[in-house]
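# Observations on chain architecture
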Amino acid sequence: MTDTPASQLSSSSMATREHPFVSTLLERRSLHSQTNCTDTFQSRTFEVTLTRDPNQLPFRAGDSLAIATQNPQVTVQPYIEILDQHPHFKDRPSLVKAFSTAIELSKLPAPNLKKLVQLFEFTQEEIKIVENPSIKDIDSFDISHNMYASSPLYRILVWAKQRHTKTWTDLTLETLLNTLPRIAPRLYSIASSPTLEQDKIILMIGHHKDPQGLWYGACSHSLCYDLPLHSLVKTWIHPSRKFCDLDPERDLVMIGAGTGLAPYRSFLLERVHQKSTAHHYLFFGERHKETDFYYKELWENLSIPLQINTAFSRDQKEKIYVQDRLWQQKETIWKLLEKNALFLLCGDAMHMAKDVESTLCTIASTLGKQTDTKSWLRNLVRSGQLCKDVY
């Protein structure tokens, strides 16, 4: 083991995408205190532990772990069934390998979609059907209705096969690989401390599936369910340039929901190691206190000052979110902003992060008499007082 900071390690010893470190999957466990399967769209949060060599995977709190990804077999199988009888796809192992390890199936970016509809010479009417799916369009098709509704790529292949034109019969695996996006590594915020937990990396991973069990996260399903313990996983560090904590004596405000809690475990354990005397504030949101209060015992037993503010949205008739807790503590929040406390924001970019930023602007307007809150917020980010890791 080594205590050498990441910034001082030789770059030649660090794992990269081209030369990854092969970690071992040591452990996984559900972070929910009890099973709750009442939601229609099932979502679970797991703690996953992997081995680490500090020389090859040096990191600091706020960094992410990149993991080489492959699509789960349950997601790949419907595509194989569409192409199975095609004369140019008789090499089934190569077909399965391509859809498992080379092709990105979780999304179809607009440029790739455009290439596909041009490849198959779709009419404008057919493009409209693909872009606005309706199950009634395919009642007579022997296919997965769930995949048809979920995946633009699946819809395009279904219609191309049904039309059975020369563009379909001439299709090859090479053409598909040249047209479709390549699978990307998945990034997970690191939840472990680089100094107190040197020989391992801990991740918080959200696992999602629909009621039919046909749509899974590519990497999350493998790590949380599919891979046997002690399987090997290719990893490397994805450093964060701005989402970091350089002064252990600076007051710290951490805001997040769900797996956005992960880096705060790392930040706080580092502050414990540094014997910080600063004040720490955690604003955390999830659905239910009884099942979703992740690391509750850890937070309650830290040896540094920590104030916990939770927002469990489904525990009362009126939903409560982290931005509501920030507003309830607005006087404290404004004092901390004026004292130059460090604010960290991690989690959902689409809703939570925007709502939190809006609340901070309202606090600045109400208590700080800021008239141009958009400029105020931009300056907060540019100065590094507000650091974000949102996705």
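It should be emphasised that the depicted structure is a prediction, and the values quoted were computed from it without experimental measurement. (Residues numbered from 1 in each chain as written. Predicted model: local features only at pLDDT ≥ 70, side-chain atom pairs only at ≥ 80, totals over all residues. Heavy atoms only, no water.)

Before going further, it helps to spend a moment on unusual backbone geometry. Despite not being glycine, Lys275 shows a phi value in the positive range, around 55°. Phi at Lys369 takes a positive value of approximately 55°, unusual for a residue other than glycine. Within the fold, Lys369 resides in the loop between helix H15 (352-367) and helix H16 (373-382). (Helix = DSSP H or I, 4+ residues; strand = E, 2+ residues; numbered from the N terminus.)

Another point: the sheet that holds strand S2 (residues 42-51). An order of S4-S3-S6-S1-S2-S5 is seen for the six strands of this open sheet, with the pairing classed as antiparallel. Only two strands of the sheet have a single neighbouring strand rather than two, namely strand S4 (186-189) and strand S5 (200-209). The average angle at which neighbouring strand axes cross in this sheet is 45°, direction not considered. In this structure, S2 lies alongside S5, joined through 10 bridges in antiparallel fashion. What sits directly across from Thr49, in S5, is Ile202. The strands touched by helix H9 (residues 218-226) within the sheet are strand S1 (21-30), S2, strand S3 (64-67), S4, S5 and strand S6 (232-238), with S5 carrying the most contacts at an inclination of about 115°. (Pairing = 2+ DSSP bridges. Axes fitted to C-alpha atoms, helices over the stretch in contact; angles between N-to-C directions. Contact = heavy atoms within 4.5 Å.)

This part covers the nonpolar core. Phe99, Phe120, Phe122 and Ile156 are the most contacted members of the largest nonpolar core, which totals 35 residues. Beyond its immediate stretch of four places on either side in the chain, Phe99 contacts Asn71, Val76, Tyr79, Ile80, Leu83, Leu105 and Leu176. Residues Phe243, Tyr264, Leu268 and Phe284 belong to the second largest nonpolar core, which totals 27 residues. (Core = buried A, V, L, I, M, F, W, Y, C linked by side-chain atoms within 4.5 Å. Buried < 20%, exposed > 50% of the residue type's maximum accessible area, 1.4 Å probe, protein only.)

The next point concerns the environment of Arg287. Within the secondary structure, Arg287 is located in the loop between strand S8 (280-286) and helix H11 (289-292). By relative accessible area, Arg287 is classed as partly exposed at 33%. In this structure, the C-alpha to C-alpha distance between Arg287 and Gly260, residues 27 residues apart in sequence, is 14 Å.

In this section: the pairing of strand S10 (residues 342-347). The buried count for S10 comes to six of six residues, which makes it a mostly enclosed element. As defined by bridge partners, strand S7 (residues 252-257) adjoins S10 across five bridges and the pair is classed as parallel. Of the residues in S10, the one forming a bridge with Gly256 is Cys346. Pairing geometry for S10 and strand S11 (residues 386-390), over five bridges, is parallel. Following the sheet pairing, Cys346 is matched in S11 by Asp389.

What follows is about the packing of aromatic side chains. Under the counting rule described, the total for this entry stands at 11 aromatic pairs. Pairing Phe243 with Phe267 gives two aromatic rings, centres 5.6 Å apart and planes at 70°, and the pair type is edge-to-face. Here Phe243 is found in the loop between S6 and S7, whereas its partner Phe267 is found in helix H10 (residues 262-273), with 24 residues between them in sequence. Phe267 carries the same exposure label as Phe243, and that label is buried. Aromatic side chains Trp334 and Trp376 sit 6.2 Å apart centroid to centroid with 35° between the ring planes, which places their arrangement in the tilted category. (Phe/Tyr/Trp six-rings, centres within 6.5 Å; stacked < 30°, edge-to-face > 60°.)

This next bit is on the sheet that holds S7. One open sheet holds the five strands; their spatial order is S9-S8-S7-S10-S11, and the pairing between them is parallel. Strands with a single pairing partner mark the edges of an open sheet, and in this sheet they are strand S9 (306-312) and S11. Mean inter-strand twist for the sheet, computed between neighbouring axes without regard to direction, equals 10°. H15 contacts S7, S10 and S11 of the sheet and is inclined by roughly 150° relative to S10.

Topologically, Asp292 is positioned in helix H11. With no salt bridge to any partner, buried Asp292 finds its closest opposite charge in Arg287, at an N-O distance of 6.2 Å. At a separation of 2.9 Å, a polar atom in the side chain of Asp292 contacts the side chain of Thr291. Those residues in contact with Asp292 that lie beyond four places of it in its chain are His32, Phe284, Glu286, Arg287 and Phe312. (Lys, Arg positive; Asp, Glu negative; His and termini not counted. Salt bridge = Lys/Arg side-chain N within 4 Å of Asp/Glu carboxyl O. Polar contact = N/O pair within 3.5 Å; in protein donor to acceptor, adjacent residues only side chain to side chain.)

Let us now look at the side chain of Arg155. The topology assignment puts Arg155 in helix H6 (residues 152-163). For Arg155, a relative accessible area of 6% puts it in the buried group. A polar atom in the side chain of Arg155 sits 2.7 Å from the backbone oxygen of Val130. Once you skip the residues sitting within four places of it in the chain, Arg155 turns out to touch Val130, Pro133, Tyr148, Ala149 and Ser150.

As a further point, take the packing of helix H4 (residues 124-131) against H6. Interaxial distance between H4 and H6 falls to 9 Å at its minimum, and their mutual angle equals 140°. Relative to H6, the element H4 lies oblique. With respect to the hand of their crossing, H4 and H6 are arranged in right-handed fashion. Along its contact with H4, which presents Glu126, Ile129 and Val130, the element H6 presents Pro152, Arg155, Ile156, Trp159 and Arg163. Of the residues assigned to the contact of H4 with H6, the class counts are five nonpolar, no polar and three charged. (Parallel < 35°, antiparallel > 145°, perpendicular 65-115°, else oblique. Left-handed = near helix turned anticlockwise from the far one by under 90°. Nonpolar A, V, L, I, M, F, W, Y, C, P; charged D, E, K, R; others polar.)

With that out of the way, let us pick up the pattern of salt bridges. One pass over the full model with this rule turns up 10 salt bridges. Here Arg163 and Glu126 are joined by a salt bridge, their closest N and O atoms 2.8 Å apart. Taken together, the positions of Arg163 in helix H6 and Glu126 in helix H4 put the pair 37 residues apart, joining distant regions of the chain. We classify Arg163 as partly exposed; its relative accessible area is 24%. We note a salt bridge from Asp245 to Arg271, for which the minimum N-O separation is 2.8 Å. Of this pair, Asp245 sits in the loop between S6 and S7 while Arg271 sits in helix H10, placing them 26 residues apart in sequence. Grouping residues by exposure puts Asp245 and Arg271 together as buried.

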